[in-house]
Protein chains: 2
Amino acid sequence: MPGANPLLRDRFVDFLLHEVLDVAGLAGLPHFAEHGRETFELYVGACRRLARERLFPSYRAMDEAPPELVGGRVRVHPAVGPLWRELAELGVLAATRPAAVGGQQLPLTVAALAHAYLMAGNLSAYGYVGLTTGAAHLVEAFGSEALRATYMAPMYAGRWSGTMALTEPQAGSSLADVTTRAAPTADGHHLISGSKIFISGGDHDATENVVHLVLARIDGAPPGTRGISLFVVPRLRPSPGGLVPNDVEVSGLIHKIGWRGLPSVALALGDRGDCRGWLVGPPHEGLRCMFQMMNEARIMVGLNAASTASVAYLEALAYARERTQGRPLAEKDPARPPVPIVAHADVRRMLLRQKAIVEGALCLLGTVSRYADLAEHGASEPERARSKLLLDLLTPIAKTFPAERGFESNALALQIHGGYGYSSEYLPEAWLRDQKLNSIHEGTTTIQGLDLLGRKVVAGGGAALACFREEVLGALAAADAAGVEPAACAAVGGALDALVALTGALAQRGLGGDVEGMMAHSADYLEAFSLLVIGWQWIRMWAAARRLPEADPFARGIERAARYWLATELPRIPALAALCLGPDRSYLDAHPDEL
Amino acid sequence: MPGANPLLRDRFVDFLLHEVLDVAGLAGLPHFAEHGRETFELYVGACRRLARERLFPSYRAMDEAPPELVGGRVRVHPAVGPLWRELAELGVLAATRPAAVGGQQLPLTVAALAHAYLMAGNLSAYGYVGLTTGAAHLVEAFGSEALRATYMAPMYAGRWSGTMALTEPQAGSSLADVTTRAAPTADGHHLISGSKIFISGGDHDATENVVHLVLARIDGAPPGTRGISLFVVPRLRPSPGGLVPNDVEVSGLIHKIGWRGLPSVALALGDRGDCRGWLVGPPHEGLRCMFQMMNEARIMVGLNAASTASVAYLEALAYARERTQGRPLAEKDPARPPVPIVAHADVRRMLLRQKAIVEGALCLLGTVSRYADLAEHGASEPERARSKLLLDLLTPIAKTFPAERGFESNALALQIHGGYGYSSEYLPEAWLRDQKLNSIHEGTTTIQGLDLLGRKVVAGGGAALACFREEVLGALAAADAAGVEPAACAAVGGALDALVALTGALAQRGLGGDVEGMMAHSADYLEAFSLLVIGWQWIRMWAAARRLPEADPFARGIERAARYWLATELPRIPALAALCLGPDRSYLDAHPDEL
């Protein structure tokens, strides 16, 4: 009964938007002045309906019939085209973009939670949208007027789709090693030649054209990341006689284990010497341009992860309420009828754990989206600067926590379905496959850990961390005022102190020249920081829930999940901190032959 | 290059057998007197070869072409028949069974580690064997002479295969709710009618006949688990004119997400009123009979899990040594060539973590297999009784730790492969799918937690726990004598004390009438106990490795993994213990509407 799954819980999303994230406050900013609760609800409601009525019903069919390579072109599931057009019609592609470029000028906070329904319903169908918005946004931000007119406009309008073509077969995560060439010509374009791999939406037959945003190296550019430029490279390029092929060929189709409605392809650029690319932004600054979009791209991955965990959690909850099996520990009389499995404590544990992960992640994603809104459109320069620091700091966590713990949560959803969960007759296994990509694309978990500890928490001489500390302390004061249990606030406060002290000690180590020692446990540091950050979300939600009637099951559920997280996950921080600082060098010094 | 993967590391398996598990000592027992190091190595070597040369090369093909239901019969991959015959020829089916029934009378300790290669190479191909051995062993142990001659012998000889038909669609884990009927007849057999589901190997075309060991309820039997009997129900029954159909029909084929070379089917028994079953063991004692085989079945699942994690770990290690990408943190110069990813600390962390899980699990499985050997064939009654207590106590952990942590380990193997790991062009994703079943079949993780805390650790008024404590203390004394770091021994000793104290406190709670409070955190208890048990394995291996030359990379690797486990996982125990004893009732009291 896929239709019955709500994908996300409406009550929770509304609670987040209005009780925790104060989107009304955002509507008070000049940039969002045309908006208010009503337009927000209209947009969220429209996405909900589209997700439930159109996207989700196609999910399984798209998973079962992945793209095929036919005569050099990728053929996608026939549902993709119609879904794409409905998404475009709803204005999803330019939801957050300014009215001046045809957008709805919505806060990212609202769009993110609205789009979470679309991702939960059918992450592949949404994938085309996310990639296109990202590509068009790059042209909007850094492209010439001509490029904006030629490429951005058709993408935002939904006539053409877009991709991000960064990765190369030999380079993987190491963008410094990009070798795709761009040879200048006298005609204003460059001739591009090289290979790209894992290009999502890199070819398909659901739109008239595909526009690639390609990283390449202009002849003579310096080596490393400072010699990479950004180009628009369309599959078909406009010419006086209409669109003509631009020497972009599909050299392979990757058989992904999830996201199977969205093709991932290898591209050969310029094999016939006629692949034209147009420079976007200044030469050699392609990576800087790309990185300005990175936060949004990573928030998107985190949202995908949280949404994929959400739909599976709600499926498992519904199953556990209906499926009868066994009897309570204290009443084993076999003459009594079996009980729904939700009556068993360990099943409730698995469900509450999923809830704590899913809703904690969604709250964090709403929070960082709000910082993104304020970083761009905040009322004052100090507010914008502060929000940018917080956004940068929290992005690695907003990307990784939902991906890693979402995978755990998805596995629990499968587990609750028992033997049925291990079959493709039920959906949890498909969502588990989908989820695994999120720890890999847009920067692996390893990369996020290095980014958090090596760059973000030490940024501005600790300014970002200081802002973060103020935010958590502010939330604790508010929670205390709202009547949240003092011991709970104290636990989060203690975890905050521990993380701040840990960060200081590791930064000292790095400043003392032992960068390797500082970074050795970056994965454990990322984990510890995440536990605190999610604890902070749960304290905020608990405080907000205090304003609801005490007997309201929704409010009680929020409090339970908050208590669960603080009791179960927060106490793991001291051991992780000890590991980061401790003497263990077991893997750091290991020779490959010892592994 | 699948052929290059060694599946398990020979050096490690030999180290386990001879340096840690003292299989020579087993050969000193009368039951194993025909054996010695030479015959053990012969058998292990033969299994290694068969696994590498025949089973593993068919793995991917069997995964890609799962069984099909054609005209009411299951058609399996054409590789299954030949592999089955080679396995039978090697004597795998009766490797541990007495010579009197045609077996090789090998210790389970040796057979388990030898068979781990078969499982790592192709767990579906081995699956037919494991199920058949289990079914034949039940007939051997509890069947009449006539049943042994008719059913056991052809199964051990590899002419017929066997299954365990316990689960029913409505009952799942709750065997008390088995409703399959057995109506007595005057002809010595019963007429069976009912439905079974998730029957692995429940039908196929690779052997002449399939023999089901079926749980059913004789008319008039008491309700619950004490009214269940065990029957032999063949697909074809012998008659004077040869084999004739026995009214066992395939009512459905489950589309499993892994183990795709082994069919899982739903069976309809007796739809035409002519399904004959022959009682095995006394009436109403089927579950007791079945449970006598449960330890071995669960060790088998744990072995499957450890093997599946092993093959993926070795694949990831080989990949990490070859795949170049990026540069060390301290030497980012893009003009230098990229390094193999094993040079990155976080990749080494992921590899050492896999090693710690895989080899810790294999050592535990060897250890419980050794207790199983001693429980049956030990030199004295006290030794047999003591070994049985330890076997019973450790079985839930030997089943669950490899399943749960093996899944984590398999996910890390995929992660190390990056974007390639997310495609079915590479094998890690297939092993990840395979692994997920192990937390579900043969008793879910929830069931194992309840079994450990509710039955095993409190068995005999704490006798099992006392034996366990002696074993760990003995290992610590030996490690100390071997020169293992005193702090490491102290850490394991501290964890042991903590677990013993925790168990006492929880048992008190249960004896005081609060069974629900005692059992609320059975999952956390299982986890804490597992961390200690694996720490104990690593201390033993570390001690054994002290006898090797200090510069031997193998010995250094063992020490590194031991240090990693003790530094990273053991310190999690206090927080888990606090949770078990603490006041958190977040999920225990949760109403379903609050989840």
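Residues numbered from 1 in each chain as written. Chains lettered and ligands numbered in written order. Predicted model: local features only at pLDDT ≥ 70, side-chain atom pairs only at ≥ 80, totals over all residues. Heavy atoms only, no water.

1. Focus on the overall build of chain A
Part 1: A tally of helices and strands in chain A yields 20 helices and twelve strands.
Part 2: Over its C-alpha atoms chain A spans a radius of gyration of 24 Å, differing by no more than 12% from the 25 Å that the globule rule assigns to 595 residues.
Part 3: Dimensions of chain A along its principal axes, counting C-alpha atoms only, are 80 × 60 × 60 Å.
Part 4: Looking at the 595 residues of chain A, the share that counts as buried comes to 63%.
Part 5: Sequence-distant contacts, at least 24 apart, represent 75% of the contacts inside chain A between residues at least 6 apart.
Part 6: When the accessible area of chain A is evaluated, it comes to approximately 20000 Å², of which 55% is carbon and sulfur surface.
Part 7: Of the charged side chains in chain A, 55 are positive and 63 negative, and the gap between their average positions amounts to 3 Å. (Helix = DSSP H or I, 4+ residues; strand = E, 2+ residues; numbered from the N terminus. Rg over C-alpha atoms; globule rule 2.2 N^0.38 Å. Buried < 20%, exposed > 50% of the residue type's maximum accessible area, 1.4 Å probe, protein only. Contact = heavy atoms within 4.5 Å. Areas by Shrake-Rupley, 256 points an atom, 1.4 Å probe, with all protein chains shown as cover. Lys, Arg positive; Asp, Glu negative; His and termini not counted. Charge placed at Lys NZ, Arg CZ, Asp CG, Glu CD.)

2. Looking at the confidence of the model for chain A
Part 1: Overall, the predicted model of chain A reaches an average pLDDT of 96, with 99% of residues at or above 70.
Part 2: Here the prediction assigns the complex a pTM of 0.97, and the interface score ipTM is 0.97. (pLDDT = per-residue confidence, 0-100.)

3. A word on unusual backbone geometry
Note: most peptide bonds trans; most residues except glycine with negative phi.
Residue and element names in this part refer to chain B.
Part 1: The residue Asp247 is not glycine, and still its phi comes out positive at about 60°.
Part 2: Looking at the secondary structure, you find Asp247 in the loop between strand E9 (242–245) and strand E10 (248–253).
Part 3: Taking the relative accessible area as the measure of exposure, Asp247 reaches 1% and is therefore buried.
Part 4: Not every positive phi belongs to a glycine, and Trp259 is a case in point at roughly 45°.

4. Some words on the relation of the copies chain A and chain B
Part 1: The operation relating chain A to chain B is a screw motion whose rotation component is 180°, with 0.0 Å of axial translation and a residual RMSD of 0.0 Å. What the rotation and shift describe, once combined, is the action of a two-fold rotation axis. The position closest to the rotation axis in chain A is occupied by the C-alpha of Arg572 of chain A, lying 3.5 Å away.
Part 2: Taken as a fraction of all interface residues of chain A, those also at the interface in chain B reach 100%, which identifies the copy contact as same-surface. (Least-squares fit on C-alpha atoms with pLDDT ≥ 70 in both.)

5. Thoughts on the environment of Tyr117 of chain A
Residue and element names in this part refer to chain A.
Part 1: By the secondary structure assignment, Tyr117 is in helix H5 (residues 108–121).
Part 2: You can call Tyr117 buried: its relative accessible area is 0%.
Part 3: Placed 107 residues apart in sequence, Tyr117 and Asp10 show a C-alpha to C-alpha distance of 9.6 Å.
Part 4: Apart from residues lying up to four places away in sequence, Tyr117 is in contact with Pro6, Leu7, Leu8, Arg9, Asp10, Val13, Val44, Cys47, Arg48, Ala51 and Arg52.

6. Let's talk about the interface of chain A and chain B
Part 1: With 87 residues of chain A at the contact, the number on the chain B side is 87 residues.
Part 2: Buried area between chain A and chain B, summed over both chains or domains, comes out near 7200 Å², and the portion from carbon and sulfur atoms is 62%.
Part 3: On the chain A side of the interface with chain B, the three residues burying the most area are Tyr422, Glu594 and Leu595 of chain A, jointly 13% of the side's total.
Part 4: Residues Glu594 of chain A and Arg560 of chain B are paired through a salt bridge, measuring 2.5 Å at the closest nitrogen-oxygen approach.
Part 5: The interface formed by chain A and chain B contains 42 residue pairs in polar contact (both at pLDDT 80 or more).
Part 6: Taken together, the residues that form the side of chain A that touches chain B break down as 42 nonpolar, 22 polar and 23 charged. (Buried area = accessible area lost by both parts, 1.4 Å probe. Salt bridge = Lys/Arg side-chain N within 4 Å of Asp/Glu carboxyl O. Polar contact = N/O pair within 3.5 Å; in protein donor to acceptor, adjacent residues only side chain to side chain. Nonpolar A, V, L, I, M, F, W, Y, C, P; charged D, E, K, R; others polar.)

7. Things to note about the packing of aromatic side chains
Part 1: This structure, assessed with the given rule, holds 29 aromatic pairs over all chains.
Part 2: Ring centres of Phe12 of chain B and Phe15 of chain B lie 6.4 Å apart, and the angle between their planes is 40°; on these two criteria the pair is classed as tilted. Highlighted residues: Phe12 of chain B and Phe15 of chain B, both in helix H1 (residues 10–20), separated by three residues, approximately one helical turn.
Part 3: Taking the ring centre of Phe407 of chain A as reference, the NZ or CZ of Lys436 of chain A above it sits at 4.6 Å. (Phe/Tyr/Trp six-rings, centres within 6.5 Å; stacked < 30°, edge-to-face > 60°. Lys NZ or Arg CZ within 6 Å of the ring centre and 35° of its normal.)

8. Digging into the environment of Arg321 of chain B
Part 1: Its location among the elements puts Arg321 of chain B in helix H9 (residues 294–322).
Part 2: Along the primary structure Arg321 of chain B and Val342 of chain B are separated by 21 residues, whereas in three dimensions their C-alpha atoms are 5.5 Å apart.
Part 3: Apart from the residues lying within four places of it in its own chain, the contact partners of Arg321 of chain B are Pro592, Asp593 and Leu595 of chain A together with Pro340 and Val342 of chain B.

9. Quick look at the nonpolar core
Part 1: Membership of the largest hydrophobic core comes to 420 residues, with the highest contact counts inside it found for Phe468 of chain A together with Phe468 of chain B.
Part 2: If sequence neighbours within four positions are ignored, Phe468 of chain A has contacts with Leu390, Leu393, Leu394, Leu496, Phe529, Leu532, Val533 and Trp536 of chain A. (Core = buried A, V, L, I, M, F, W, Y, C linked by side-chain atoms within 4.5 Å.)

10. Focus: the state of the cysteines
All names here are of chain A.
Part 1: This model, assessed by the stated rule, comprises zero disulfides over all chains.
Part 2: With no disulfide of its own, Cys289 lies closest to Cys275 among cysteine sulfurs, the gap being 19 Å.
Part 3: Among the residues examined, Cys289 registers a relative accessible area of 0% and is labelled buried. (Disulfide = S-S within 2.5 Å.)

11. A few points about the packing of helix H10 (residues 345–377) of chain A against helix H19 (residues 553–568) of chain A
Residue and element names in this part refer to chain A.
Part 1: The interhelical angle for the contact between H10 and H19, taken along N-to-C directions, is 95°, at an axis separation of 9 Å. If you check the angle between H10 and H19, you find them roughly perpendicular. Contacts between H10 and H19 involve Arg349, Leu352, Arg353, Lys355, Ala356, Ile357 and Glu359 from the first element and Gly557, Ile558, Arg560, Ala561, Tyr564, Trp565 and Thr568 from the second.
Part 2: Class assignment of the residues belonging to the contact of H10 with H19 gives a composition of seven nonpolar, two polar and five charged. (Axes fitted to C-alpha atoms, helices over the stretch in contact; angles between N-to-C directions. Parallel < 35°, antiparallel > 145°, perpendicular 65-115°, else oblique.)

12. With respect to the side chain of Thr180 of chain A
All names here are of chain A.
Part 1: Relative to the elements of secondary structure, Thr180 occurs in the loop between strand E3 (160–165) and strand E4 (181–184).
Part 2: Within the structure, Thr180 has its side chain in polar contact with the side chain of Glu168 (distance 2.7 Å).
Part 3: In this structure Thr180 touches Glu168, Ile192, Ser193, Gly194, Ser195, Lys196, Leu215, Ala216, Arg217 and Leu269, once residues within four positions along its chain are discounted.

13. Section: the pattern of salt bridges
Residues and elements named next belong to chain A.
Part 1: With the rule as written, the count across this model stands at 94 salt bridges over all chains.
Part 2: Two residues, Lys388 and Asp392, come together in a salt bridge whose shortest N-O distance is 2.9 Å. Taken together, the residues Lys388 and Asp392, both in helix H11 (residues 381–416) and four residues apart, mark about one turn of the helix.
Part 3: The class of Lys388 is partly exposed, set by a relative accessible area of 39%.

14. So, the side chain of Thr207 of chain A
All names here are of chain A.
Part 1: Its place among the elements puts Thr207 in the loop between strand E5 (190–200) and strand E6 (209–218).
Part 2: Of the residues examined, Thr207 reaches a relative accessible area of 11% and is grouped as buried.
Part 3: A polar side-chain atom of Thr207 sits 3.5 Å from a polar atom in the side chain of Ser161.
Part 4: A distance of 3.0 Å separates the side chain of Thr207 from the backbone oxygen of Asn209, its partner in a polar contact.
Part 5: For Thr207, the residues in contact, after removing those within four places along its chain, are Trp84, Arg159, Trp160 and Ser161.

15. Examining the pairing of strand E11 (residues 264–269) of chain A
All names here are of chain A.
Part 1: Among the six residues of E11, six are classified as buried, and the element is accordingly described as predominantly covered.
Part 2: Covered by surrounding structure in E11 are Ser264, Ala266 and Ala268 together with Val265, Leu267 and Leu269, the residues of both alternating faces.
Part 3: With five bridges connecting them, strand E10 (residues 248–253) and E11 associate as antiparallel partners. In the sheet register, Val250 faces E11, and the bridge partner there is Leu267. (Pairing = 2+ DSSP bridges.)

16. Quick look at the packing of helix H3 (residues 37–64) of chain B against helix H4 (residues 80–89) of chain B
Residues and elements named next belong to chain B.
Part 1: H4 packs onto H3 with a crossing angle of 155° between their chain directions and a minimal axis gap of 11 Å. It follows that H3 is roughly antiparallel to H4 by the angle criterion. Once H3 is placed against H4, the crossing between them reads as left-handed. From H3, Leu50, Arg54, Leu55, Ser58 and Met62 reach across to H4, where they touch Val80, Pro82, Leu83, Glu86 and Leu87.
Part 2: Considering only residue class, the contact of H3 with H4 consists of seven nonpolar, one polar and two charged. (Left-handed = near helix turned anticlockwise from the far one by under 90°.)

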